[in-house]
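# Fold and geometry: a report
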There are 2 protein chains.
Amino acid sequence: MLTIKGELASAHVEAEELINHIGQTVQIHGIVYKIREMSGFAFVLLRTKRALVQCIHSGDFSTFPLSELKENMSVIIRGEVVRDERSRTGTEIRIISFEALSCPAEEMPVVINNREVNASIETLLDFRPITLRNIKERAIFKVQEGICAGFRSFLGKNGFTEIHTPKIVFSGAEGGANIFRLDYFGREAYLAQSPQFYKQIMVGVFERVYEIAPVFRAEKHDTSRHLNEYTSVDLEMGFIKDFTDLMRMETKMLAYTFDYLKEHYADELAMLKAEIPTADEIPAVSFVEAKQMISDAYHREITDYEDFDPEEEKLLSEIIKKQTGSDFVFVTGFKSSKRPFYTQDSKDDPEYTDSFDLIFRGMEITTGGQRIHDYNVQVAKMRRLGMDVDKFSSYLMAHKYGLPPHGGLGLGLERFTARLLGLQNVRYAAMFPRDINRLEP
Amino acid sequence: MLTIKGELASAHVEAEELINHIGQTVQIHGIVYKIREMSGFAFVLLRTKRALVQCIHSGDFSTFPLSELKENMSVIIRGEVVRDERSRTGTEIRIISFEALSCPAEEMPVVINNREVNASIETLLDFRPITLRNIKERAIFKVQEGICAGFRSFLGKNGFTEIHTPKIVFSGAEGGANIFRLDYFGREAYLAQSPQFYKQIMVGVFERVYEIAPVFRAEKHDTSRHLNEYTSVDLEMGFIKDFTDLMRMETKMLAYTFDYLKEHYADELAMLKAEIPTADEIPAVSFVEAKQMISDAYHREITDYEDFDPEEEKLLSEIIKKQTGSDFVFVTGFKSSKRPFYTQDSKDDPEYTDSFDLIFRGMEITTGGQRIHDYNVQVAKMRRLGMDVDKFSSYLMAHKYGLPPHGGLGLGLERFTARLLGLQNVRYAAMFPRDINRLEP
């Protein structure tokens, strides 16, 4: 019988620790990113977990010919650490020797080790397993990790419990045709379009809950804004005074997360030239007010009083940015007929709802609102809409046996990441995007 | 135009802060959990986000008749905080007045406010939206949140990057019949049985990655160990020396997470009478050795030299517990024919693999191992197994263009939670379990 101890004694130094090893000979592992021959020596850039480490090959100290080192080899490099103010790590390594742990079978079909991957979005995505190795490409997803970590940290501090709800469901939350169907042991089941029902149910359990998980929409759009599977940041909270509590919570969460990113992901943000907005306060306009502002500023005729088109979201953002300096704008006062059945109608005018969208740099990233918590009110509204109430009995159990006033919101992680980093297509912010044409890799 | 500020000025006190308000009149919100009439006064237990708050109704200080308060009402209670050493919060509240925010439409069909929900597992799950409100039931999922938080904290500190990989996939990782199929805009697609391919691909990007996300298995088992959708904790790491590095990492992660739980979830662990094991070191036995130990200890004949049955996992755990005191045991030396195609075969004997299982209190909770990183070795093995290599070309791209030696593991969150808390059926550790018969709620 062996005994496994939780000790991981590696003789290898991390890139971030090199600065503490000046003058010493160390071992470091990574993947050879780029070899650049100069006169009399060569730069060997080693890609590690998070950094690029600048190594030098030279006849003066290297004990092997440069030709033995190849790009995309996985190696352990042995060398002396010297100070170099110009490199990101503040150091460089004079390579003495190396050990190859793994060699590529072929040369890369796409150049990934320049500043950018210079390829069409199709090629970028077709070769995703390797184009993600470009340090700017991967930085997008390191920042995305940070966004989730920031949200989780904020939500934990604010009394939200993380939940895991099923993605195979018996009924679509939002209804409609945009739903993936599957055979579940002979019964028809669906892929969850959102954790809506479950997060409302869980308000009755934990008062405040959140989930960061995949959702699925069978929308036939092929645009730069749509994915058929995306990561949804969902939160739901009980005992709200009104729906502006939700907007306040989101504002606070965004401000917190931006600070979190600046503290923990500064290198990636710099590499991506990301401009982190402020979100100490966010302007809010009603839908009708917004339409009027766009009409006034751009002399556009208002034709649709119920929806924005993508162009209008952009124009509204521009106006708000000019007027207030904010990269964000809440829109409220949506019509009841345009919102899902669980949305609370406004007391003042039941044709409108206590709901909102959040637009960030020209694109809607959040939909939220207060939900109906009273069983009889909810059932009456469903009947008015011609819905089969019995089909929703397990969802409505939460209401029937008592649910506090509550509401919540969903934020699309990929859209948010794309807007934050100035990416023109939401696919750039998905590791392995799923769209109407793309199911692979 | 309104301005939304990220300030949430609630006049309500949190249960955890009551101790700082002794002698003061406060407002607190929650759901009335239980009303217990005594002679001359009544206990009113208020269920808040995480605690039960003991309130007292009495003619001496309450300004309304007790009959106005009902169980399962959402309320704001106004009252004076007094010290009470016997209550969990160290305080109780003398109710002066209350405001009802929401009233249930009907009385509960199941009693949820006793120490346990005294119902069959079928009833417990049929009424999940309300049975989860029982404070012991919900404590299971608060601990489950803590398990994830502990894992994430550990993995973050150890250089793992969190990833989000697609759940709608073009090819099943493990293959076989146990896969859910769906129509994806006219093409056949599958629900991911694991993030296996993607996490291996991402080793080439970030070296160390993890994901905590749903996975889907269309297994027709109806046992206390199986779910058809579960939450998988997956990690994958590059530059391992051999597969024992993975076992060491898991050992360290478990020890860290147990400390994390004891620090942050002590109340729930006490309520559930959870015995948190130690995982400073974990014994490891080979599969054949394990079979022999079981045979010797229980005089059982060994009939199957390739698999454990559930009973054998239990017996092995008992033996190891007796011999070493450990609640965990790693099993190594599984046959190549029993492991997936990407598993690295052992150098010493290619009929065996560099892989392992982890058994925790009688149940397998983890499968892991070193993967093949060399493109030609992987392709040769796939051909030997009669697989269509072309179908896996996007996965194999990672290998073709260079992937370090690596391996990883998956841990079933619900199984782990159930073992940790001594729950006899994995369904007790899933908020809304999916099994062959259950698709709702």
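Anything mentioned here points back to the structure above.
Residues numbered from 1 in each chain as written. Chains lettered and ligands numbered in written order. Predicted model: local features only at pLDDT ≥ 70, side-chain atom pairs only at ≥ 80, totals over all residues. Heavy atoms only, no water.

## Overview of the overall build of chain A
On a plain count of helices and strands, chain A comes out with 11 helices and 17 strands. Classification of the 441 residues of chain A by burial places 63% in the buried group. Considering only contacts within chain A whose residues lie at least 6 apart along the sequence, 65% involve residues at least 24 apart. Of the accessible surface of chain A, which amounts to about 17400 Å², a share of 45% is contributed by carbon and sulfur atoms. Across chain A, the 54 positively charged side chains and the 66 negatively charged ones have centroids separated by 1 Å. (Helix = DSSP H or I, 4+ residues; strand = E, 2+ residues; numbered from the N terminus. Buried < 20%, exposed > 50% of the residue type's maximum accessible area, 1.4 Å probe, protein only. Contact = heavy atoms within 4.5 Å. Areas by Shrake-Rupley, 256 points an atom, 1.4 Å probe, with all protein chains shown as cover. Lys, Arg positive; Asp, Glu negative; His and termini not counted. Charge placed at Lys NZ, Arg CZ, Asp CG, Glu CD.)

## Digging into helix 7 (residues 287–298) of chain B
For an α-helix, 3.6 residues make a turn, and residues three or four places apart therefore share a direction. All names here are of chain B. Between the first and last C-alpha of helix 7 there are 16 Å, a value that for 12 residues agrees with the 16 Å anticipated at 1.5 Å per step. Taken as a whole, helix 7 has its buried residues at Phe 287, Ala 290, Lys 291, Met 293, Ile 294 and Ser 295. Once helix 7 ends, the next one or two residues include His 299, with phi positive near 50°. (Expected span 1.5 Å × (residues − 1).)

## Topic: unusual backbone geometry
Residue and element names in this part refer to chain A. Backbone torsion omega between Glu 440 and Pro 441 reads -5°, so that peptide bond is classified as cis. Within the secondary structure layout, Pro 441 lies in the segment after helix 11 (413–421). Phi is positive for Lys 273, which is not a glycine, with a value near 50°. Within the secondary structure, Lys 273 sits in the loop between helix 6 (266–271) and strand 13 (281–286). If you check the backbone angles, Arg 361 has positive phi at about 50° while not being a glycine. Of note, Arg 361 is situated in the loop between strand 15 (355–360) and strand 16 (363–371).

## Side note on the relation of the copies chain A and chain B
After a rotation of 180° and a shift along the axis of 0.0 Å, chain A superposes on chain B with an RMSD of 0.0 Å. Taken together, the rotation and translation relating the two chain copies correspond to the operation of a two-fold axis. Taking C-alpha positions as the reference, the residue of chain A nearest the rotation axis is Leu 182 of chain A, at 2.5 Å. A high fraction, 100%, of the interface residues of chain A reappear at the interface in chain B, so the copies pair face to face through one surface. (Least-squares fit on C-alpha atoms with pLDDT ≥ 70 in both.)

## What to know about the pattern of salt bridges
Throughout the structure, instances matching the rule amount to 64 salt bridges over all chains. With its nearest N and O atoms 3.0 Å apart, the salt bridge here joins Arg 438 of chain A to Glu 122 of chain A. Here Arg 438 of chain A, found in the segment after helix 11, pairs with Glu 122 of chain A, found in helix 1 (residues 121–126); they are 316 residues apart in sequence, far enough to count as distant. When its relative accessible area of 47% is taken as the criterion, Glu 122 of chain A is described as partly exposed. Two residues, Asp 309 of chain B and Arg 300 of chain B, come together in a salt bridge whose shortest N-O distance is 3.7 Å. (Salt bridge = Lys/Arg side-chain N within 4 Å of Asp/Glu carboxyl O.)

## Notes on the interface of chain A and chain B
Counting residues at the interface gives 119 residues for chain A, matched by 119 residues for chain B. In total, about 10200 Å² of surface goes out of reach between chain A and chain B, with carbon and sulfur atoms giving 65% of it. It is Met 1, Ile 4 and Tyr 401 of chain A that lose the most area in chain A upon contact with chain B, and together they represent 8% of the buried surface on that side. Taken together, chain A and chain B are joined by 6 salt bridges. In this structure, Lys 49 of chain A engages Glu 207 of chain B in a salt bridge whose closest nitrogen and oxygen atoms are separated by 3.4 Å. The tally of links from chain A across to chain B stands at 50 residue pairs in polar contact (both at pLDDT 80 or more). At 7 residues, helix 3 (residues 135–157) of chain A tops the list of elements feeding residues into the side of chain A that touches chain B. (Buried area = accessible area lost by both parts, 1.4 Å probe. Polar contact = N/O pair within 3.5 Å; in protein donor to acceptor, adjacent residues only side chain to side chain.)

## Digging into the side chain of Ser 394 of chain B
Along the chain, Ser 394 of chain B falls in helix 10 (residues 393–400). Sequence-distant contacts of Ser 394 of chain B, defined by excluding residues within four places in its chain, comprise Pro 129, Glu 440 and Pro 441 of chain A together with Phe 170 and Ile 201 of chain B.

## Some thoughts on helix 3 of chain A
Residues and elements named next belong to chain A. If you check helix 3, its first and last C-alpha atoms are 32 Å apart, about what 23 residues at 1.5 Å a residue would give, namely 33 Å. Here helix 3 lies mainly inside the structure; 19 of its 23 residues are buried. You can read the cap of helix 3 off the contacts: a side-chain oxygen lies 2.9 Å from the backbone nitrogen of Lys 136, and it is on Asn 134.

## What to know about the sheet that holds strand 17 (residues 406–412) of chain A
Spatially, 7(A)-11(A)-12(A)-17(A)-16(A)-15(A)-14(A)-13(A)-1(B) is the arrangement adopted by the 9 strands of the open sheet, whose pairing is mixed. On the outer flanks of this sheet lie strand 7 (161–162) of chain A together with strand 1 (2–5) of chain B, each paired with one strand and no other. Two elements, strand 12 (residues 229–238) of chain A and strand 17 of chain A, share 7 bridges in a ladder whose sense is antiparallel. Note on strand 17 of chain A: the bridge partner recorded for Gly 238 of chain A is His 406 of chain A. (Pairing = 2+ DSSP bridges.)

## Some words on the packing of aromatic side chains
If you walk through the whole model with that rule in mind, you get 44 aromatic pairs over all chains. Where Phe 151 of chain A meets Phe 416 of chain A, the ring centres are 5.8 Å apart and the plane angle is 45°; that geometry is what we call tilted. A residue pair is termed long-range when its members are at least 10 positions apart, and Phe 151 of chain A in helix 3 and Phe 416 of chain A in helix 11 qualify at 265 residues. Grouping residues by exposure puts Phe 151 of chain A and Phe 416 of chain A together as buried. Three or more aromatic residues joined by ring pairs make a cluster, and in this case those are Phe 151, Phe 258, Phe 328, Phe 360 and Phe 416 of chain A. The cationic tip of Lys 142 of chain A hangs over the ring face of Phe 206 of chain B; the distance from NZ or CZ to the ring centre is 5.8 Å. The lysine or arginine in question, Arg 339 of chain B, covers the ring of Phe 334 of chain B, its NZ or CZ lying 4.1 Å from the ring centre. (Phe/Tyr/Trp six-rings, centres within 6.5 Å; stacked < 30°, edge-to-face > 60°. Lys NZ or Arg CZ within 6 Å of the ring centre and 35° of its normal.)

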